[in-house]
Amino acid sequence: MAVKVYNEQIRLHGKTREAVLETIRICKDRDVLKEYLSGRGKEVVNIMMGLFDQEKAVEQFGNEKKEEGRVEGRKEGRAEGKLEGKIEAAINMKAEGLPESMIAKILNVGLNIVQEWVAGTAVTR
């Protein structure tokens, strides 16, 4: 009963002090935990507000971590795209007859890496 009242008040008022106070008032009016709430109403409000704050902090932390993951994923994706572009460019330059040493210089990578790329054993360093 008390949980149902509480959930309804959260739906109406959000996770606010007003929702907690209204839940306590309704429960007292319906004689649900009346004696307990009469003596410990302030304590219940403080506990519930602390839980709301904690939930909000956990949610915010999760959102921050999610955003950090997105940023890191974008960085990794760009780096992979650049590497794939260099590999493709190396293969195309080799097909046009450019020496591997020149390709390495143009792409700013080691000669051994270019040799592996054009040989088809692409090393991603």
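Residues numbered from 1 in each chain as written. Predicted model: local features only at pLDDT ≥ 70, side-chain atom pairs only at ≥ 80, totals over all residues. Heavy atoms only, no water.

**Q** What's the story with the environment of M49 in this structure? I'm lost.
**A** On the secondary structure map, M49 appears in helix α3 (residues 34–95). Look at M49 and you get buried, because its relative accessible area is 19%. In this structure, the C-alpha to C-alpha distance between M49 and R78, residues 29 residues apart in sequence, is 43 Å. With residues near it in sequence (within four places) discarded, M49 still touches T16, R17 and V20. (Helix = DSSP H or I, 4+ residues; strand = E, 2+ residues; numbered from the N terminus. Buried < 20%, exposed > 50% of the residue type's maximum accessible area, 1.4 Å probe, protein only. Contact = heavy atoms within 4.5 Å.)

**Q** For this particular structure, what's the right way to read the pattern of salt bridges?
**A** Oppositely charged side chains are able to pair whenever their charged atoms sit close together. Using the criterion set out here, one finds 9 salt bridges in the structure. Notably, a salt bridge pairs E43 with R40, separated by 3.6 Å at the nearest N-O pair. Within this pair, E43 and its partner R40 are both found in helix α3, separated by 3 residues, close to a single helical turn. E43 gets classed as partly exposed once you look at its relative accessible area, which sits at 38%. Residue classification places R40 among the partly exposed residues on the basis of a relative accessible area of 40%. The partner of K94 in a salt bridge is E100, and the shortest N-O contact between them spans 3.4 Å. Through salt bridges with shared partners, a single ionic network connects E22, R25 and D29. (Salt bridge = Lys/Arg side-chain N within 4 Å of Asp/Glu carboxyl O.)

**Q** Please clarify how the confidence of the model for the protein chain should be interpreted in this entry.
**A** Caution is warranted with low-pLDDT regions, since their predicted coordinates should not be read in detail. Confidence in the prediction for the protein chain averages 90 pLDDT; 96% of positions are at 70 or higher. Helix α4 (residues 100–107) holds the highest mean pLDDT among the elements of the protein chain, 96, whereas helix α1 (residues 2–13) holds the lowest, 82. (pLDDT = per-residue confidence, 0-100.)

**Q** What is the right way to read the side chain of Q9 from this model?
**A** Examined against the element boundaries, Q9 turns out to sit in helix α1. On the basis of relative accessible area, Q9 is assigned to the buried category, the value being 6%.

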